[in-house]
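Each chain, written out:
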Amino acid sequence: VLNTYPVMEVPVFLYLLVALLSAASIHVARMRDRTMRRAGEIFLLYVLVGYCGLPQLALGLWSLASPDRVAAALGFPAGSPFQDFTSISLVGMSLLSLLALRYRGTFLIAPAVCWSVFFAGATYAHLRAAGPLHGFHHGAALSHASMLRLFATHGLISVLLVGSLIASGAWREKAVP
């Protein structure tokens, strides 16, 4: 059964998101040439590298090295082949995000779409697992606080990635052959 309320008491990823959005806002505010496209790219890079890149790489590697501890920390059953698959996927997707620092333009579309789909799917999976057809976590529906945290650390990431990708205009550029 998928845990819809992580065991981690400290919402690390929520604090990380607030810090990243604050840093990106300061970065944009201090830019001389402040355009919508440039601001979109800055926000996109902060989320891709700072949320989807380094932390997810660390989580994926930690999960491969110590699957039982990660499963306990996140509230998932340990020893599942799906956990190994997900961990390897996190490593690959996070490396794709880190490459965004080097490659810009149309390259940004790939990690943004990849992570948007991943986090939208994670949001759906958590909500579905908490639904009445699949049993509520510990016999109760998600609290308002856990629902808000779920959206902030999963669903909002998809919205931020798609919104900043659109604002960046990267999808309008032609790929260089």
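So, here's what we can say about the structure. Everything quoted here is computed from the prediction, not taken from an experiment.

Rules and cut-offs
- Residues numbered from 1 in each chain as written.
- Predicted model: local features only at pLDDT ≥ 70, side-chain atom pairs only at ≥ 80, totals over all residues.
- Heavy atoms only, no water.
- Disulfide = S-S within 2.5 Å.
- Helix = DSSP H or I, 4+ residues; strand = E, 2+ residues; numbered from the N terminus.
- Polar contact = N/O pair within 3.5 Å; in protein donor to acceptor, adjacent residues only side chain to side chain.
- Contact = heavy atoms within 4.5 Å.
- Phe/Tyr/Trp six-rings, centres within 6.5 Å; stacked < 30°, edge-to-face > 60°.
- Buried < 20%, exposed > 50% of the residue type's maximum accessible area, 1.4 Å probe, protein only.
- Lys NZ or Arg CZ within 6 Å of the ring centre and 35° of its normal.
- Expected span 1.5 Å × (residues − 1).
- Arc of directions from axis to C-beta.
- Axes fitted to C-alpha atoms, helices over the stretch in contact; angles between N-to-C directions.
- Left-handed = near helix turned anticlockwise from the far one by under 90°.
- Nonpolar A, V, L, I, M, F, W, Y, C, P; charged D, E, K, R; others polar.
- Core = buried A, V, L, I, M, F, W, Y, C linked by side-chain atoms within 4.5 Å.
- Salt bridge = Lys/Arg side-chain N within 4 Å of Asp/Glu carboxyl O.

### Things to note about the state of the cysteines
Scanning the entire structure with this criterion turns up zero disulfides. In this structure Cys 52 is a free cysteine whose sulfur lies 8.9 Å from that of Cys 114, the closest cysteine sulfur available.

### Digging into the side chain of Ser 94
Relative to the helices and strands, Ser 94 resides in helix α4 (residues 81-98). A distance of 2.8 Å separates the side chain of Ser 94 from the backbone oxygen of Val 91, its partner in a polar contact. Contact partners of Ser 94, with chain neighbours within four places excluded, come to Cys 52, Gly 53, Gln 56, Leu 57 and Trp 115.

### Quick word on the packing of aromatic side chains
Applying the stated criterion across every chain, the model contains seven aromatic pairs. Where Phe 118 meets Phe 119, the ring centres are 5.2 Å apart and the plane angle is 80 degrees; that geometry is what we call edge-to-face. Residue Phe 119 is classed as buried on the basis of its relative accessible area of 4%. Grouped by ring-pair contacts, the aromatic residues Phe 13, Tyr 51, Trp 115, Phe 118 and Phe 119 constitute a single cluster. If you follow Arg 102 out to its NZ or CZ, it ends over the ring of Tyr 103, 5.1 Å from the centre.

### Let's talk about helix α1 (residues 12-29)
Since the α-helix packs 3.6 residues into each turn, any two residues three or four apart lie on the same face. A rise of 1.5 Å per residue sets the reference length of α1, with its 18 residues, at 26 Å; its end C-alpha atoms lie 26 Å apart and thus fit the reference within 8%. The complete set of buried residues in α1 reads Leu 17, Leu 20, Ala 24 and Val 28. Take α1 and look down its axis: the buried residues cluster within an arc of 70 degrees, on one side only. Opposite its buried face, α1 presents the exposed residues Tyr 15 and Ile 26, each directed more than 90 degrees away. Among the structural elements, α2 (36-65) and α6 (144-168) are those in contact with the buried residues of α1.

### Some details on the packing of α2 against α6
As a packed pair, α2 and α6 sit with axes 7 Å apart at the nearest point and diverge in direction by 145 degrees. As α2 runs across α6, the sense of the crossing is left-handed. Judged by residue contacts, Met 36, Arg 37, Gly 40, Glu 41, Phe 43, Leu 44, Val 47, Leu 48, Tyr 51 and Cys 52 of α2 engage Thr 153, Ile 157, Leu 161, Ser 164, Leu 165, Ala 167 and Ser 168 from α6. Residue composition of the contact of α2 with α6, grouped by class: eleven nonpolar, four polar and two charged.

### Things to note about the nonpolar core
If you look at the biggest cluster of nonpolar residues, it comprises 22 residues, and the most contacted ones within it are Leu 44, Leu 48, Tyr 51, Cys 52, Trp 115, Ile 157 and Leu 161. Those elements giving two or more residues to this core turn out to be α1, α2, α3 (67-74), α4, α5 (109-130) and α6. Considering each element in turn, this core owes the most residues, seven residues, to α2. Sequence-distant contacts of Ile 157, defined by excluding residues within four places in its chain, comprise Leu 17, Val 47, Tyr 51, Cys 52, Phe 119 and Ala 152.

### Some details on the pattern of salt bridges
Between side chains of opposite charge, a pair can form as their charged atoms come close. Inspection of every chain in the model, using the stated rule, returns two salt bridges. Of the charged contacts in the structure, one is a salt bridge between Glu 41 and Arg 38, with a shortest N-O distance of 2.6 Å. You can see Glu 41 and its partner Arg 38 sitting in helix α2, three residues apart, about one turn around the helix. A relative accessible area of 14% means that Glu 41 is categorised as buried. Relative accessible area serves as the criterion here: at 31%, Arg 38 is assigned to the partly exposed category.

That is the geometry; function is a separate question.
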